[in-house]
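Residues per chain, in single letters:
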Amino acid sequence: MCGIVGYVGPRDAIEVLVGGLKRLEYRGYDSAGVAVIGGDGELATHKRAGKLGVLQRDLVAEPLPRSETGIGHTRWATHGGPTDVNAHPHLGDHGRLALIHNGIIENYAALRDELAAEGYTFASETDTEIAAVLLGREYGRTNDLVGAFRAVVGRLHGAFTLLAVHADEPGLVVGARRNSPLVVGLGDGEQFLGSDVAAFVQYTRRALAIGQDEIVAIRPDGIELMDFEGRPVQGEEYEIAWDASAADKGGWSSFMAKEISEEPDAIEQTLLGRLHDDGVDLDEELAPGIDDDVVRSITRILLLGAGTASYSGLLGKYAIEKWAGVPVEVELAHEFRYRDPVLDAGTLVVSISQSGETMDTLMAVRYAAERGARTLSICNTQGATIARESDAVLYTRAGPEVAVASTKAFSAQVIALYLLGLHLAQKRGTLGAEETRRLVADLRALPAQLQTVLESGGEVRELARSMSDTRSVLFLGRHAGYPIALEGALKLKELAYIHAEGFAAGELKHGPIALIEPGQRVFVVVPSPRDRNSLHPKVISNIQEIRARGAHVLAVAEAGDVAVLPYADDVLRIPLAGPLFEPLLAVAPLQMFAMELAAAKGLDVDQPRNLAKSVTVE
Ligand code: F6R
């Protein structure tokens, strides 16, 4: 879960690398470093603990020589704490070779012992330095960076993206990947490498996906792609749909604020071209991996994801079961493959991932595919590993999500799952025409409705500011409000470092109500009183139970719901929507609340402590 950038070409490499790292900083931000080959043929490196800004200040105070070849890294520590010494790049071949790494080298201890027995010493506590020293040793034998690289990757176990440069081979950056992401940016007289396209999208929109166990060598005039045995491989070129400005803050105080403001657009884009008045059209996107025969033969669906993505799965479950009548289970990807799950050709495994690189989810997809299940991914990042390894992909079109806490990607994931539910219902004939038309209309109404919710940001800010000393907040919801309670609590924990728990409101009396004491703040996602099977009266009872014990209730309730007023201390209003659509409106105030509370506490909203956006280690 580190960010990696490589560059060869006529531009000032440091500028390209630091700019790319800035855009990848969401992947990890406890230290950063660069290595370049100067015009004098010497390798120059600089690395520092702390966020990228620390390195940037150093590079201004003591610039490295101008260079046209370089690599850069922003780290999320796994082996060895976040110190200057453990930061990447790591060096080999007497300081003439530099290497950066994302992932975990599982057999590093055995390799370290082998190298130590030959007299090699190590400065850091990292697994990465072992690879750098090993590469230095191989280079000493071959004087060929690509050949030495091939020898080294063949000896490593685990997950890695590696990039390396050698002072004796300016104009060349070599990279490899196994279980970690790496993408090439194809330029004119220059080439780029990045953990994802955000690293270089300001220079080129042409990208090339690198497959599992492949090596790439970039030179200004072209690239060479091969497998770990050195056999040439044909890469898959694609056009990047985002432009660079989509990944800029554009005047907002944080990426998170910007990304919440983009939620209506994320929904609209995800619906675009996939809805018509009478239903959905996903045929072209899902076939050939998931064609009509497959859809009709599915006996159950397993939705897999982690964190926020898994909560979108809970909403997907409610919709798919209701509309298509297919049994759906939702499971955390990291739990799934360690319990001998029963899978067969009738199981459709749907993975949900913004990044498409989350290791837990990727491994779960591979596990499912190996056991004969069909795999579909719901993914926000074009060309990501999970998308490429699934039988079919339904892209969410939320655009780049840079803030570590997921917001607009969540909304887009729910929409994609709803589209899938409608697609299955249509193919299996489980929804009437009238009902389908009504659901299509509800979906189409969402972006404008959400826009009105976002306009109440000032009210949420006031509320958050008044609660900046709060130490614990509970979140309650029922049915589709339950995943929103979980998501509201997760956002508050990760952004404001406040203890927060989400519960199904009906569960309260089975234990958690013991937590309620006078003044305890409790958000309650209140369902609509209009729904035929409404849980509204039950939730009002739940509110009364906690109020009787002194809770301070903050309700998120439908406009016009006056029944809630006597029981709530504060009410945040959302527009009228169907039961499965309310959650998409109710989540925004909770996201804004967590963001505003974190900001009121002076915390970094975009890069909360200890986290990384794309968790590419297990
Ligand atoms: C929370 C958050 C995480 C991610 C999770 C999965 O705000 O962002 O819980 O949702 O790490 O990430 P993806 O969707 O990239 O697989």
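Residues numbered from 1 in each chain as written. Predicted model: local features only at pLDDT ≥ 70, side-chain atom pairs only at ≥ 80, totals over all residues. Heavy atoms only, no water.

Digging into the packing of helix 4 (residues 128–142) against helix 5 (residues 145–153)
Basically, it comes down to this: Orientation is described by lines fitted to C-alpha atoms, with helices fitted over the stretch in contact, and by angles between N-to-C directions that extend from 0 to 180 degrees. Under the scheme used here, helices are H or I runs from DSSP no shorter than 4 residues and strands are E runs no shorter than 2 residues, and both carry numbers assigned from the N terminus. Angle categories are assigned with fixed cut-offs, so that under 35 degrees is roughly parallel, over 145 is roughly antiparallel, 65 to 115 is roughly perpendicular, and the rest are oblique. Working rule for handedness: look at the near helix, and if it is turned counterclockwise from the far one by less than a right angle, call the crossing left-handed; if clockwise, right-handed. In this analysis, two residues are considered to be in contact whenever any of their non-hydrogen atoms come within 4.5 Å of each other. Residues are grouped as follows: Ala, Val, Leu, Ile, Met, Phe, Trp, Tyr, Cys and Pro are nonpolar; Asp, Glu, Lys and Arg are charged; every other residue, Gly included, is polar.
At a minimum axis separation of 8 Å, helix 4 and helix 5 run at an interaxial angle of 130°. One finds that helix 4 runs oblique with respect to helix 5. For the element pair helix 4 and helix 5, the recorded crossing hand is right-handed. Residues A131, L134, L135, E138, Y139 and T142 of helix 4 form the contact with helix 5, whose participating residues are L145, A148, F149, A151 and V152. For the contact of helix 4 with helix 5, the per-class residue count stands at 9 nonpolar, 1 polar and 1 charged.

Section: the domain arrangement of the protein chain
For clarity, the threshold we go by: Annotation comment: domain bounds sourced from an automatic or database domain assignment.
By domain assignment, the protein chain separates into domain 1 (3–245), domain 2 (255–454) and domain 3 (457–600). Just the C-alpha atoms count here: the centres of domain 1 and domain 3 sit 46 Å apart.

What to know about the sheet that holds strand 21 (residues 392–395)
For the record, the criterion: Each pair of strands is called paired provided DSSP finds at least two bridges between the two strands.
Taken in spatial order, the 5 strands of this open sheet run 18-17-19-20-21, and their pairing is parallel. Among the strands making up the open sheet, the edge pair consists of strand 18 (328–332) and strand 21. The mean inter-strand angle of the sheet, taken between neighbouring strand axes irrespective of direction, is 20°. Sheet analysis places strand 19 (residues 347–353) next to strand 20 (residues 374–379), joined by 6 bridges and oriented parallel. Residue pairing in the sheet places L348 in a bridge with R374 of strand 20. Seen against the sheet, helix 10 (residues 308–324) touches strand 17 (300–305), strand 18 and strand 19 and runs at an angle of roughly 175° to strand 18. Along the sheet, helix 14 (residues 408–428) makes contact with strand 17, strand 19, strand 20 and strand 21, crossing strand 19 at roughly 160°.

So, the site of the ligand
We count it as follows: Note on definitions. A residue lies near a molecule or strand when any single heavy atom of the residue is within 4 Å of it. The definition of a polar contact used here is a pair of N or O atoms within 3.5 Å, where within protein one atom must be able to donate a hydrogen and the other to accept one, and adjacent residues in sequence count solely through side-chain atom pairs. All accessible-area figures derive from a Shrake-Rupley calculation using a 1.4 Å probe, and residue coverage is judged against the displayed protein chains alone.
Lining the immediate environment of the ligand, one finds 14 residues, of which S353, Q354, S355, T358 and E494 sit closest. Within the backbone of T308, an N or O atom sits 3.1 Å from an oxygen atom of the ligand. T358 places a side-chain nitrogen or oxygen 2.5 Å from an oxygen atom of the ligand. Considered on its own, the ligand offers 410 Å² of accessible surface; in the complex 90% of this is hidden by protein. Listing elements by their share of the shell around the ligand, those giving two or more residues are helix 10 and helix 17 (481–496). With 3 residues, the top contributor of residues to the shell around the ligand is helix 17. When grouped by side-chain class, the residues that make up the shell around the ligand number 5 nonpolar, 7 polar and 2 charged.

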